[in-house]
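Given next are the chains, with one letter for each unit.
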Amino acid sequence: MAKRFVIGLAVATAIVAAAVAPGRARADGDPASDMLLAQNVFYPFSPAVSAGLQRTLNAEAAAAGRAHFPIKVALIESPVDLGAIPSLFAKPQQYATFLDQEISFANSKDLLLVVMPNGYGVAGLTPPATSAATSLAKPAERGSDGLARAALAAVPKLAAAAGHPIGAVSGTTGSAGSGAGSGGGGATPTGLAALVAGAVVIAGGVMWFRRRRAQIR
C-alpha cells in the first residue's frame, strides 16, 4: 500500500509539475502564485511548518472566508520560497503587490497577506484593515513556525478591522481550502485516486488560468 501511495504521489506531482513548468520558465517563476490558485495558504519549503500549525492556519483562513473576509496567506521564510524572484525577499509589501497581480486574475475577491521574518505585506484590504496591518508586531519567533504563528495572530486582527470578526479557531477538527499537508499514514485506493484526480484538476486549472492571462496581456 505504501508503494502504491508513493507511485500515485509521483504521478500526481509529475502532472502538476508539467502544468506549471511553462510558468516557471517565465520571468516570474513564483511558487506562491501557482499554489495559491488552489489553496488558501502557501507554506515555506524548508523548514516545514509543523502539522498542527498548518491545520490551525488552514482552518483560520477557511473561517475568514466564511466570515466574508476571503484571504490568501503567503509565508515566505527565505529567498528560496520566492523561486525566480529572490530579490523581493525582506520586501514584504513589494512582494505582496507583485503576488496580488499574479493571482488576482483568478479571483479578484481574495485578499492577501504576506508574512516574512521582517514584517508584513497586504493587498486588497479595506483602508481600516490596511491601517491595522501597519501596526502588527513583527514575527517574534524565527523559522517557519514563527511565521505561521504570526499569521495566526494577524488574520483575526485584519478581519476584525475590516468588520468581519472570525472568532476563535481550532485546527484539530480539520480545515477547508487547505494547502500543504503534514504527511503520514497509508493511503487507501480511494484516497490515492482522489489524490491523482485532484492533481489533474489543479493542473488543468493552472493551465487554463495561464492561457487566459496570456490572452489578456
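It should be emphasised that the depicted structure is a prediction, and the values quoted were computed from it without experimental measurement. (Residues numbered from 1 in each chain as written. Predicted model: local features only at pLDDT ≥ 70, side-chain atom pairs only at ≥ 80, totals over all residues. Heavy atoms only, no water.)

With respect to the sheet that holds strand β3 (residues 111-116)
Part 1: Here 4 strands make up an open sheet; going across it, the order is β1-β2-β3-β4 and the pairing mixed. The open sheet has two edge strands with one neighbour each: β1 (41-42) and β4 (119-123).
Part 2: Along the sheet face, helix α6 (residues 143-161) touches β2 (71-75), β3 and β4 and points at about 145 degrees away from the line of β3. (Pairing = 2+ DSSP bridges. Helix = DSSP H or I, 4+ residues; strand = E, 2+ residues; numbered from the N terminus. Contact = heavy atoms within 4.5 Å. Axes fitted to C-alpha atoms, helices over the stretch in contact; angles between N-to-C directions.)

Quick notes on the nonpolar core
Part 1: Counting 32 residues, the largest nonpolar core has Phe69, Ile71, Val73, Leu75, Leu113, Val115 and Leu158 as its most contacted members.
Part 2: When contributions to this core are tallied by element, the ones reaching two or more residues are α3 (51-66), β2, β3, β4, α5 (127-134) and α6.
Part 3: Considering every element that reaches this core, the biggest residue donor is α6, with 9 residues.
Part 4: Leave out the neighbours within four places in its chain, and Leu113 touches Ile71, Lys72, Val73, Ala74, Tyr120, Gly121, Val122, Ala154, Val155 and Leu158.
Part 5: Counting residues in each nonpolar core, the second largest holds 17 residues, with Ala32, Phe42, Ile76 and Ile85 among its members. (Core = buried A, V, L, I, M, F, W, Y, C linked by side-chain atoms within 4.5 Å. Buried < 20%, exposed > 50% of the residue type's maximum accessible area, 1.4 Å probe, protein only.)

Examining the pairing of β2
Part 1: Within β2, 5 of the 5 residues are buried, leaving the element largely enclosed by the surrounding structure.
Part 2: In this fold, β1 hands off to α3, which returns the chain to β2; that crossover is left-handed.
Part 3: With 5 bridges connecting them, β2 and β3 associate as parallel partners. Bridging across to β3, Ile71 finds its partner in Leu111. (Right-handed = clockwise from strand over helix to strand, strands pointing away.)

Observations concerning the packing of aromatic side chains
To describe a pair of aromatic rings, one takes the distance between the centres and the angle between the planes.
Part 1: The full count for this structure, using the stated rule, is 2 aromatic pairs.
Part 2: Ring centres of Phe42 and Phe45 lie 5.6 Å apart, and the angle between their planes is 85 degrees; on these two criteria the pair is classed as edge-to-face.
Part 3: Classification of Phe42 as buried rests on a relative accessible area of 2%. (Phe/Tyr/Trp six-rings, centres within 6.5 Å; stacked < 30°, edge-to-face > 60°.)

Description of the pattern of salt bridges
Part 1: Using the criterion set out here, one finds 2 salt bridges in the structure.
Part 2: Between Lys72 and Asp110 there is a salt bridge, with its nearest N and O atoms 4.0 Å apart. Of this pair, Lys72 sits in strand β2 while Asp110 sits in the loop between α4 (92-103) and β3, placing them 38 residues apart in sequence.
Part 3: Residue classification places Asp110 among the buried positions, given a relative accessible area of 17%. (Salt bridge = Lys/Arg side-chain N within 4 Å of Asp/Glu carboxyl O.)

Points about unusual backbone geometry
Part 1: In the segment running from Ser46 into Pro47, the intervening peptide bond is cis, with an omega of -5 degrees.
Part 2: One non-glycine residue with positive phi stands out, namely His68, at about 65 degrees.
Part 3: Of note in the backbone geometry, Ala90 takes a positive phi value of approximately 70 degrees without being a glycine.
Part 4: Examined against the element boundaries, Ala90 turns out to sit in the loop between β2 and α4.
Part 5: By relative accessible area, Ala90 is classed as partly exposed at 39%.

Focus on the pairing of β4
Part 1: Burial within β4 is extensive, with 5 of its 5 residues counted as buried.
Part 2: The two faces of β4 match: Gly119, Gly121 and Ala123 on one face and Tyr120 and Val122 on the other face are all buried.
Part 3: As defined by bridge partners, β3 adjoins β4 across 5 bridges and the pair is classed as antiparallel. When the bridges of β4 are listed, Val114 appears paired with Gly121.
Part 4: The antiparallel hairpin formed by β3 and β4 contains 2 residues in its connecting segment.

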